[in-house]
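What follows is the residue order along each chain.
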Amino acid sequence: MPGPFYVYILSSKGKRLYIGFTHELENRVWEHKNKIHPESFTAKYNIDQLVYRESFGLAIAAITREKELKSWNRIKKVALIVSTNPTWRDLSLDWGKPTKPFSEAELKPPKTFGDL
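Read on for a plain summary of the structure. Source: prediction; values computed, not measured. (Residues numbered from 1 in each chain as written. Predicted model: local features only at pLDDT ≥ 70, side-chain atom pairs only at ≥ 80, totals over all residues. Heavy atoms only, no water.)

1. With respect to the pairing of strand 1 (residues 5–11)
Successive residues of a regular strand alternate their side chains across the two faces of the sheet.
Step number 1: Of all the seven residues making up strand 1, seven are buried; the element is thus mostly covered by neighbouring parts of the structure.
Step number 2: With burial as the criterion, each face of strand 1 is covered, one bearing Phe 5, Val 7, Ile 9 and Ser 11 and the other bearing Tyr 6, Tyr 8 and Leu 10.
Step number 3: As judged from the seven bridges shared by strand 1 and strand 3 (residues 49–56), these two strands associate in the antiparallel manner. Paired with Val 7 across the strands is Glu 54, a residue of strand 3.
Step number 4: Note that strand 1 and strand 2 (residues 17–22) share six bridges and pair antiparallel. Residue pairing across strands places Ile 9 opposite Ile 19, the latter belonging to strand 2.
Step number 5: Hairpin connection from strand 1 to strand 2: five residues lie between these consecutive antiparallel strands, with Lys 15 at a positive phi of about 75°. (Buried < 20%, exposed > 50% of the residue type's maximum accessible area, 1.4 Å probe, protein only. Helix = DSSP H or I, 4+ residues; strand = E, 2+ residues; numbered from the N terminus. Pairing = 2+ DSSP bridges.)

Set out below in C-alpha cells:
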C-alpha cells in the first residue's frame, strides 16, 4: 500500500498523551474524537486533540518512528510537541474548512533572498 503513513500524538486537555500510527490520519483522529472504541485508553481519558504528526512514504518507517517516540520519556515527547506546536493547538480543527486564497503579494516570488 503506498503512503503516506502517519505517526501522530494526541493529547487530552490535561496533557495526557497517546502516540499512534495510521494510514488514514483524518479518519483515525475522527474515531478518537467520537470515541468509536469506548473502552480504549484515548476514550477513557478524553485524549482527542491532535497536537503532532509526521508523515512517511513507507509503513515500516512510520512504525519504526512510532516505536521510537513511545520509548521516549515524557519530557522529550513534550519538547517535540512544543518545537512545532508551542500552544498545543488541535491541528485537526481546520480540516474540511475552506482555506483563505493567497493574496497577490503572496503569489509573487521574492526579489531577493532577503525578502523571504
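After that view of the structure, there is still more to cover.
2. A closer look at helix 1 (residues 25–33)
Step number 1: Residues Leu 25, Val 29, Glu 31 and His 32 constitute the buried set of helix 1. Considered in projection along helix 1, the buried side chains sweep an arc of 155° and stay on one side of the axis.
Step number 2: Backbone geometry just downstream of helix 1 places Lys 35 in the positive-phi region, at approximately 50°. (Arc of directions from axis to C-beta.)

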